[in-house]
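Examining the three-dimensional arrangement
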Amino acid sequence: TQLLEQSPQFLSIQEGENLTVYCNSSSVFSSLQWYRQEPGEGPVLLVTVVTGGEVKKLKRLTFQFGDARKDSSLHITAAQPGDTGLYLCAGAEQAGTALIFGKGTTLSVSS
Amino acid sequence: DTAVSQTPKYLVTQMGNDKSIKCEQNLGHDTMYWYKQDSKKFLKIMFSYNNKELIINETVPNRFSPKSPDKAHLNLHINSLELGDSAVYFCASSQGTGLREKLFFGSGTQLSVL
């Protein structure tokens, strides 16, 4: 079973700070996804990265897929309280198999 | 309209009871899923259906039985509930079963077994 390890597990920062969340695996994934989950809601997809070395930007969020496609990172610039939530990385081993999720990073941004 | 809706939102019940959670999606997707999120927020796949056929059945006790009457609905029935079944259960859907499918999740059903 492939595992996706996320770090850190918890992150508590002040508004305006930058942060990076990591997602690592010993296995190669054809793509990785990042979701954000807010309390009382289901996860919502932020981005899918598919090419080794790919960088995608979503406003203040920057996602990177490792060259070997075994890891990914999420960088948030100038965090805001609205960024608070659980960030999950996810990947599928092969077509027809379900997405597996990392254990998540709980981010708290205080003003 | 909510894309993926599941009911009830909260379910509190006694050990040994039988309960069902319903899920409906109005996205026209072919594939639906049930995930379980434990108290540590770990999200784990339970079942997946594609066009009403079961395609993924992870190691889940037989007390859990999914049913898909049509491709827009996937319900989850749980028999003889146990304390360890307490969790948040999420229904999700996707267009297909490809590697890069985007999953759309419902808002979850928080099950508490007393």
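The sections below set out a description of the structure shown in this document. (Residues numbered from 1 in each chain as written. Chains lettered and ligands numbered in written order. Predicted model: local features only at pLDDT ≥ 70, side-chain atom pairs only at ≥ 80, totals over all residues. Heavy atoms only, no water.)

1. As for the overall build of chain B
To be explicit about the condition: Starting at the N terminus, helices and strands are each numbered in turn, a helix being any DSSP run of H or I of at least four residues and a strand any DSSP run of E of at least two. Here the globule rule is a power law, 2.2 Å times the number of residues to the power 0.38, and the radius of gyration is based on C-alpha atoms. Relative accessibility under 20% of the residue-type maximum defines a buried residue, over 50% an exposed one, and the middle range a partly exposed one, all with a 1.4 Å probe and only protein chains included. Should any heavy atoms of two residues lie within 4.5 Å, those residues are counted as being in contact. Areas reported here follow the Shrake-Rupley algorithm with a probe of radius 1.4 Å; residue values treat only the protein chains shown as occluding.
Counting its secondary structure elements, chain B contains 0 helices and 11 strands. Its helices and strands in sequence order give chain B the pattern β-β-β-β-β-β-β-β-β-β-β, from N to C terminus. Relative to its length of 114 residues, chain B is compact, with a C-alpha radius of gyration of 13 Å against a globular reference of 13 Å. With respect to the three principal axes, the spread of C-alpha positions in chain B is 35 × 30 × 30 Å. The buried share of chain B, taken over its 114 residues, is 42%. Long-range pairs, those at least 24 residues apart, make up 54% of the contacts in chain B between residues at least 6 apart in sequence. Roughly 5,700 Å² of accessible area belongs to chain B as shown, and the carbon and sulfur atoms make up 48% of that amount.

2. Description of the interface of chain A and chain B
Short version of the rule: A 1.4 Å probe defines the accessible area here, and the buried area is the portion of it lost by two parts on being joined, summed over both. What makes a salt bridge here is a side-chain nitrogen of Lys or Arg within 4 Å of a carboxyl oxygen of Asp or Glu, nothing more. Here a polar contact is recorded for every N or O atom pair within 3.5 Å, except that within protein the pair must consist of a potential hydrogen donor and a potential acceptor, and residues adjacent in sequence are included only if both atoms are side-chain atoms.
Residue-level contacts link 25 residues of chain A with 20 residues of chain B. Carbon and sulfur atoms make up 60% of the area that chain A and chain B hide from each other, which totals about 1,800 Å². Applying the counting rule to chain A against chain B returns 0 salt bridges. Counting every contact that joins chain A to chain B gives 6 residue pairs in polar contact (both at pLDDT 80 or more). Only strand S4 (32-37), strand S5 (44-49) and strand S9 (85-91) of chain A provide two or more residues apiece to the side of chain A that touches chain B. Looking at the side of chain A that touches chain B, the element that brings in the most residues is S4(A), giving 3 residues.

3. Thoughts on the packing of aromatic side chains
Test applied: For Phe, Tyr and Trp, where Trp contributes only its six-membered ring, two rings pair if their centres lie within 6.5 Å, and the inter-plane angle classes them as stacked under 30 degrees, edge-to-face over 60, or tilted in between. Placement of a charge over a ring requires the Lys NZ or Arg CZ to be within 6 Å of the ring centre, with the centre-to-atom vector within 35 degrees of the ring normal.
Enumeration according to the criterion identifies 9 aromatic pairs over all chains in this entry. On the numbers, 6.0 Å between centres and 90° between planes, the contact of A:Tyr35 with B:Phe105 is edge-to-face. Taken together, the residues span two chains, with A:Tyr35 in strand S4 and B:Phe105 in strand S10 (residues 104-105). Ring centres 6.2 Å apart and planes at 40° place the aromatic pair B:Tyr33 and B:Tyr35 in the tilted group. Grouped by ring-pair contacts, the aromatic residues A:Tyr35, A:Phe101, B:Tyr33, B:Tyr35, B:Phe90 and B:Phe105 constitute a single cluster. Cation over ring: A:Lys103 sits above B:Phe42, and NZ or CZ is 5.4 Å from the ring centre.

4. Focus on the sheet that holds strand S7 (residues 64-70) of chain B
Two pairing modes exist for strands in a sheet, parallel and antiparallel, and in both the strands are linked by backbone hydrogen bonds. All names here are of chain B. Rules: Pairing between strands is defined by DSSP: at least two bridges between the two strands are required. What counts as an axis is a line fitted to C-alpha atoms, over the stretch in contact for a helix, and the angles between N-to-C directions run from 0 to 180 degrees.
Taken together, the 4 strands give an open sheet; going across it, the order is S1-S3-S8-S7, and neighbouring strands pair in antiparallel fashion. Each edge of the open sheet carries a strand with a single partner, namely strand S1 (4-7) and S7. Here the strands of the sheet are splayed against their neighbours by 15° on average, with no regard to which way each runs. Where strand S3 (residues 19-25) lies against strand S8 (residues 73-78), 4 bridges are found, and the strand directions are antiparallel. The partner of glutamate 24 across the bridge, within S8, is histidine 73.

5. As for the pairing of strand S6 (residues 55-58) of chain A
Residue and element names in this part refer to chain A. Both S6 and strand S7 (residues 61-65) contribute to a ladder of 4 bridges, which runs antiparallel. If you follow valine 55 over to S7, its bridge partner there is glutamine 64. The hairpin turn running from S6 into S7, its antiparallel successor, is 2 residues long, and lysine 59 in that turn takes a positive phi close to 55°.

6. Brief notes about the nonpolar core
A general trend in soluble globular proteins is that nonpolar side chains are found buried together. Quick reminder of the rule: Note on terminology: a nonpolar core comprises buried Ala, Val, Leu, Ile, Met, Phe, Trp, Tyr and Cys residues joined through side-chain atoms within 4.5 Å.
A:Leu19, A:Leu32, A:Trp34, A:Phe63, A:Leu74, A:Ile76 and A:Leu107 are the most contacted members of the largest nonpolar core, which totals 21 residues. B:Val4, B:Ile21, B:Phe64 and B:Leu81 belong to the second largest nonpolar core, which has 20 residues in total.

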